[in-house]
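Observations on the three-dimensional arrangement
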Amino acid sequence: MTPVSGSGLILGIESSCDETAAAIVRRGESVLSNVVASQIALHAAYGGVVPELASREHLRHIVPVVRQAVALAGVALADLDAVAVTEGPGLAGALLVGILYAKALAFGLDKPLIAVNHLEGHIHAVVMEARRAGLLPDEFPLLALVVSGGHTHLYLANEDPKTGGWNYCNVGRTVDDAAGEAFDKVAKLLGLGYPGGPWIDALATHGDPAVVRFQFNAIKPRDGDAAQRFDFSFSGIKTAVLRYTQTHDLSASIEARRAALAADTTLRPADSLHLFDAQALNLIASFQSAVVGNLIRQTLAAAEAFGARGLLISGGVAANRELRARFNSEAAARNLPIAFPSLALATDNAAMIAAAAWPRFLQGESAPESLSAAPQLKLG
Ligand code: KG4
Ligand code: ZN
């Protein structure tokens, strides 16, 4: 039964990795508030997310972040129609903080609790904005690329004509590292700041992407895989970058850069150009160009194979400027509508969780009391 919607307000809560986030979204479309407490500075010292530290930080931030989201939206908790929370995938301890808090809040307010898949959240970050801007194609299927630090997945999305909700079929995924993970690992081995994606993005514009040629090998289908798959592999290019630094004697300059950036953690890429020679910048530009090219090739091949009517690109790596520019021109050449999230909604946030919960709320969905973290949760 479709619940009678009062205010259309959903509070979203997201804590799957290293951002504690809360947002209020009306009717899955208008973002009234979107608060993110980032732990980047804490984890930067370790060069990656430390799960135990992440859980403790979520515990410290969850109450103030939710309070701030409610205050900024100018609403009262009693006005909410539902509470939505990320169920997975993600870090178990981190997810549990958001889930337990959301459960308690929903119980106390006597409102439904809606469990959301983080990956569907990323897709809905784009859907929400594209719909508002009138850029969302009316026809299905749509092909969604979710490309972040933990995921590189291609989903074919169709609308369920009965419920208006979306269903997903996974037609591609990384068989090893995620694309964002490759950005982060390559940045670390080249002595750049953390997280690596924004550093490589900013530095690549100063190098020549044609100098180092990286290859991507064909990926063998696994047993039981559907015939048509468009998988990715990014661990090979990481090793190729490492080998390049070894064969070109870059280790002394990498160490010097690492020491300089560690001595002054306020340095941003634009203030750090003096730490790079042309060889390092060309390597960075070549790496980014190869990864972006591979993401675009696989996505367009899948779009053609499945007759996709439009593309939705989301996740942290969707913030990358070369990715956006090249995807936009390739899609335009094929007359294929394409949408990206705004930068604020590309990386992890809770507005996308509240937006993804809206069609589920309209269908009367509500999570069981036994809801728990699902670290390996799949979509489609
Ligand atoms: O979606 P997200 O915030 O968290 C996950 O669910 O993983 O994505 C974070 C990832 C990191 O790997 C980060 O390096 C990457 O997104 N990233 C970028 C850029 N901004 C963030 N990668 C390439 N270019 C960027 N501008
Ligand atoms: Zn994410």
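**Re the sheet that holds strand E3 (residues 30-38)**
Sheet strands line up and pair through hydrogen bonds in the backbone, either parallel or antiparallel. Strands sit in the order E3-E2-E1-E4-E5 across an open sheet of five strands; the sheet is mixed. Two strands in the sheet have a free side with no partner beyond their single neighbour: E3 and strand E5 (113-117). Ignoring which end each strand starts from, the neighbouring axes of this sheet average 20 degrees apart. Direction of pairing for strand E2 (residues 19-26) relative to E3: antiparallel, over a ladder of eight bridges. Looking at E3, one finds that arginine 26 is bridged to serine 30. Across the sheet, helix H12 (residues 351-362) is in contact with strand E1 (9-14), E2, E3, strand E4 (82-88) and E5; its angle to E1 comes to roughly 130 degrees.

**Digging into the domain arrangement of the protein chain**
The domain boundaries assigned to the protein chain delineate domain 1 (9-137 + 345-362) and domain 2 (179-336). Between the C-alpha centres of domain 1 and domain 2 there is a distance of 28 Å. Domain 1 puts 16 residues into the contact, and the matching count from domain 2 is twelve residues. Taken together, both faces of the contact between domain 1 and domain 2 bury some 940 Å²; the carbon and sulfur share is 73%. Taken together, the connections running from domain 1 to domain 2 amount to zero salt bridges. Inspection of the region where domain 1 meets domain 2 yields two residue pairs in polar contact (both at pLDDT 80 or more). In terms of residue count, the dominant contributor to the side of domain 1 that touches domain 2 is helix H4 (residues 118-132) (four residues). Class assignment of the residues belonging to the side of domain 1 that touches domain 2 gives a composition of ten nonpolar, five polar and one charged.

**Details of the sheet that holds strand E6 (residues 142-147)**
On the basis of which strands lie adjacent, the open sheet formed by five strands has the order E8-E7-E6-E9-E10 and mixed pairing. Strands at the two margins of the open sheet, each flanked by one partner only, are strand E8 (166-173) and strand E10 (338-339). Note that strand E7 (residues 152-159) and E8 share seven bridges and pair antiparallel. Across the sheet, leucine 156 pairs through a bridge with cysteine 169, a residue of E8.

**A look at the site of ligand 1**
In the region of ligand 1, 18 residues are neighbours, and Gly149, Asp184, Gly197, Asp201 and Asp348 sit closest. Glycine 180 places a polar main-chain atom, nitrogen or oxygen, 3.2 Å from an oxygen atom of ligand 1. Note that an oxygen atom of ligand 1 is positioned 3.0 Å from one of the backbone N or O atoms of glycine 197. Protein chains shield 90% of the accessible area of ligand 1, which is 560 Å² for the free molecule. Breaking the shell around ligand 1 down by element, the ones donating at least two residues are H4, helix H5 (179-189) and helix H6 (196-204).

**Digging into the pattern of salt bridges**
What the rule picks out here adds up to 14 salt bridges. Where glutamate 120 meets arginine 360, a salt bridge forms, and the shortest distance between an N and an O atom there is 2.7 Å. Placement of the pair is glutamate 120 in helix H4 and arginine 360 in helix H12, with a sequence separation of 240 residues. The exposure class of glutamate 120 is buried, given its relative accessible area of 3%.

**A short note on H12**
Structural remark: α-helix, 3.6 residues per turn; residues separated by three or four positions point the same way. With twelve residues, H12 should cover 16 Å at 1.5 Å per step; its first-to-last C-alpha distance of 17 Å lies within 8% of that length. Most of H12 is tucked away: nine of the twelve residues are buried. Taken as a whole, H12 has its buried residues at Ala351, Met352, Ile353, Ala354, Ala355, Ala356, Ala357, Trp358 and Phe361. At the C-terminal side of H12, glycine 364 shows a positive phi close to 80 degrees.

Reading the values: rules and limits
Residues numbered from 1 in each chain as written. Chains lettered and ligands numbered in written order. Predicted model: local features only at pLDDT ≥ 70, side-chain atom pairs only at ≥ 80, totals over all residues. Heavy atoms only, no water. Pairing = 2+ DSSP bridges. Helix = DSSP H or I, 4+ residues; strand = E, 2+ residues; numbered from the N terminus. Axes fitted to C-alpha atoms, helices over the stretch in contact; angles between N-to-C directions. Contact = heavy atoms within 4.5 Å. Domains from an automatic or database assignment. Buried area = accessible area lost by both parts, 1.4 Å probe. Salt bridge = Lys/Arg side-chain N within 4 Å of Asp/Glu carboxyl O. Polar contact = N/O pair within 3.5 Å; in protein donor to acceptor, adjacent residues only side chain to side chain. Nonpolar A, V, L, I, M, F, W, Y, C, P; charged D, E, K, R; others polar. Near = heavy atom within 4 Å. Areas by Shrake-Rupley, 256 points an atom, 1.4 Å probe, with all protein chains shown as cover. Buried < 20%, exposed > 50% of the residue type's maximum accessible area, 1.4 Å probe, protein only. Expected span 1.5 Å × (residues − 1).

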